[in-house]
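Chains, contacts and geometry: an overview
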Amino acid sequence: MSSDEKLYCSIAMGGWAEIGHTGEPLDTPNANGDVSPCCPGWLRDDNGETGYVFGNVYTDKWDKVWNSNRAIKFRESILDGSFKYCNETLCPHLQNVHSNPNVGSIETAPYVRKMKDIELLYKERGEHHRNIIDNKLTKLDFSPDLIKMDYDRSCNISCPSCRIELVTPRGKELEKIEKIQDSVVEVIRNGTRKLYITGTGDPFGSATFRKFLVDFKEEDFPSVKTIRLHTNGVKWTKELWKKMSGIHNLVTDAEVSMDAATEKTYNVVRRGGDWNQLMENLKFIPKEIEWFGISMVVQDLNYKEIPMFIELRDRLVKESGNKSIYVYFSKITNWDTFTEEEFNKRAVWKSEHPEHEDFVKILNENVKKEYWQERFMGTNMVDLLV
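These lines cover the structure that appears in this document, whether it is placed above or below. Note that the structure is a prediction, hence the values are computed from the model and not measured. (Residues numbered from 1 in each chain as written. Predicted model: local features only at pLDDT ≥ 70, side-chain atom pairs only at ≥ 80, totals over all residues. Heavy atoms only, no water.)

Moving on, we come to the overall build of the protein. Assigned secondary structure in the protein consists of 15 helices and twelve strands. A total of 386 residues make up the protein; the buried ones form 58% of that total. Of the roughly 17,400 Å² that the protein leaves accessible, carbon and sulfur atoms contribute 49%. If you average the places of the 53 positive and of the 61 negative side-chain charges in the protein, the two averages end up 2 Å apart. (Helix = DSSP H or I, 4+ residues; strand = E, 2+ residues; numbered from the N terminus. Buried < 20%, exposed > 50% of the residue type's maximum accessible area, 1.4 Å probe, protein only. Areas by Shrake-Rupley, 256 points an atom, 1.4 Å probe, with all protein chains shown as cover. Lys, Arg positive; Asp, Glu negative; His and termini not counted. Charge placed at Lys NZ, Arg CZ, Asp CG, Glu CD.)

Written out as structure tokens, the structure reads:
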């Protein structure tokens, strides 16, 4: 690989810290303080297993975790261009590397650029990355730009693709979540610019996150400029949103994971959800959020609804007047919620699946590689696009 083609990831170099994830140890199934440099599902450790952890903020101080030996080793793999701890087949950012200037808000700017386009990344992601690259910095003296708050798996529904049963922490588990939250809040106050709530549960279904958002005041967190909400959307009602007035100016980015375009399919893949309430909420949410999206975890039960899902996005654009509504399709992953046999039945993206050819045909008829820029449409299945 030429030096111009070498990649640089701003997420890995202080751009992101994910705290907690779905691979928790068995004794703490719902709360975890592990710190990873991005989504653990996109990473692999030395032994080849999924995930890579810097340390744990429940058991150690933040500065020891953020610049641990494992953190340094990970950052070295980015600076030398090997990306050996990254799974390029799952990471959407490594699948959407391009040389085009950013479209939409700065929050949608590519996190990964080739070195020949590095000046674009400096402009989009900050001049401090120039210092990191020029001086090969692996110890960072600043807080992560983005903190993904994934240490509470509480959710109001129990999608089979995510969990076996409803998760509602109580007692000691809830106490642990609140202790982790106290540590995270201190890190945020030291300069974090963006919050992502949440990738492992629901920001409105979690008592801890819900209280944090209701009580949030900009003057308490002056460095925070934007908040991304990732939710199933059912509890995001007008009434609750009014109570969260302190974040209205900050939530410029939100995604509702739906996994279906019809109520019949929704009731299967979004166990415990409420289609009618969600449709009611979608009448106002896109009007409130500058950069809004809907997403689908693609599996055998819903892939035929990909065209209808895109039509739903187009309808939301028309009804809300918000032209910055994106749609995202991701391959289903086994978070230990399926047996191997069950997962292989769901994983229509696998070449050996009996419906794979049909799926690939539908995907290619509706999604193109260039659509992320042209039509705000993305996927982590770029390898299946013609």
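Moving on: the pairing of strand β10 (residues 291–298). Here β10 lies mainly inside the structure; seven of its eight residues are buried. Two strands pair when backbone bridges link them, and strand β9 (residues 253–257) and β10 are joined in this way by five bridges, in the parallel orientation. Bridge pairing in β10 links V256 to I294. Across seven bridges, β10 lies against strand β11 (residues 325–331) in parallel orientation. Paired with S295 across the strands is Y328, a residue of β11. Note that the unit made of β10, helix α12 (residues 306–320) and β11 has a crossover that is right-handed. (Pairing = 2+ DSSP bridges. Right-handed = clockwise from strand over helix to strand, strands pointing away.)

So, on to the packing of helix α4 (residues 118–125) against helix α5 (residues 128–135). The N-to-C vectors of α4 and α5 enclose an angle of 135°; their axes lie 8 Å apart at closest approach. With respect to α5, the element α4 is oriented oblique. Touching I118, E119, L121, Y122 and R125 of α4 are H128, H129, R130 and I133, all from α5. Residue classes in the contact of α4 with α5 are distributed as four nonpolar, two polar and three charged. (Axes fitted to C-alpha atoms, helices over the stretch in contact; angles between N-to-C directions. Parallel < 35°, antiparallel > 145°, perpendicular 65-115°, else oblique. Contact = heavy atoms within 4.5 Å. Nonpolar A, V, L, I, M, F, W, Y, C, P; charged D, E, K, R; others polar.)

Next up on the list: the packing of α12 against helix α14 (residues 356–366). Packing of α12 against α14 brings their axes to within 9 Å, and their N-to-C directions diverge by 25°. With respect to their mutual orientation, α12 and α14 come out roughly parallel. Across from I306, P307 and I310 in α12, the residues of α14 making contact are F359, I362, L363 and N366. Residue composition of the contact of α12 with α14, by class: six nonpolar, one polar and no charged.

The complete set of buried residues in α4 reads I118, L121, Y122, E124 and R125. Against the buried residues of α4 lie β1 (7–9), β5 (112–114) and α5.

So, about unusual backbone geometry. Across the junction of I197 and T198, the peptide omega takes the value 0°, indicating a cis bond. In this structure, T198 sits in the loop between β7 (194–197) and α7 (207–215). Here the phi dihedral of D336 falls at roughly 60°; this positive angle occurs in a residue that is not glycine. Looking at the element boundaries, D336 is found in the loop between β11 and α13 (340–346). Classification of D336 by relative accessible area gives exposed; the value is 68%.

By the definition in use, this model includes 22 aromatic pairs. Taking 4.8 Å as the distance between ring centres and 45° as the angle between the ring planes, the aromatic pair formed by Y52 and Y85 counts as tilted. Remark: Y85 occurs in the loop between α3 (69–79) and β5 and Y52 occurs in the loop between β3 (34–36) and β4 (55–56); sequence separation between them is 33 residues. Y85 carries the same exposure label as Y52, and that label is buried. Following the ring pairs from residue to residue traces out a cluster consisting of Y52, F54, W62, W66, F74 and Y85. The ring of W66 carries the charged tip of R75 above its face, separated from the ring centre by 4.7 Å. One cation-aromatic arrangement involves K179 over Y58; the distance from NZ or CZ to the ring centre is 4.7 Å. (Phe/Tyr/Trp six-rings, centres within 6.5 Å; stacked < 30°, edge-to-face > 60°. Lys NZ or Arg CZ within 6 Å of the ring centre and 35° of its normal.)

Our focus in this paragraph is the nonpolar core. Residues I227, L229, M258, F292, F329 and F359 are the most contacted members of the largest nonpolar core, which totals 106 residues. Element by element, the count of residues in this core is highest for helix α6 (residues 171–189), at six residues. Those residues in contact with F359 that sit more than four places away from it in its chain are V298, Y303, I306, V348, W349, M381 and L384. (Core = buried A, V, L, I, M, F, W, Y, C linked by side-chain atoms within 4.5 Å.)

Take the sheet that holds β9 next. Across the sheet, ten strands lie side by side as β4-β3-β2-β6-β7-β8-β9-β10-β11-β12; this open sheet has mixed pairing. Bordering the open sheet on either side are β4 and β12 (377–379), each of which pairs with just one other strand. Note that strand β2 (residues 17–19) and strand β6 (residues 146–149) share three bridges and pair parallel. For A17, the partnering residue across the bridge sits in β6 and is I147. Of the strands in this sheet, β10, β11 and β12 are in contact with α12, which crosses β11 at around 160°.

With that settled, consider the pattern of salt bridges. Applying the stated rule across the entire model yields 23 salt bridges. With its nearest N and O atoms 2.8 Å apart, the salt bridge here joins R113 to E124. Of this pair, R113 sits in strand β5 while E124 is found in helix α4, placing the two residues eleven residues apart along the sequence. On the basis of relative accessible area, R113 is assigned to the buried category, the value being 0%. (Salt bridge = Lys/Arg side-chain N within 4 Å of Asp/Glu carboxyl O.)

Of the two faces of β7, both are covered, the one formed by K194 and Y196 as well as the one formed by L195 and I197. Relative to β7, β6 is paired through three bridges, and the arrangement is parallel. Bridge pairing links L146 to K194 in β7. After leaving β6, the chain enters α6 and then returns to the sheet as β7, a path that is right-handed. In this view, the connection linking β7 to its parallel neighbour strand β8 (residues 226–231) by way of α7 has right-handed handedness.

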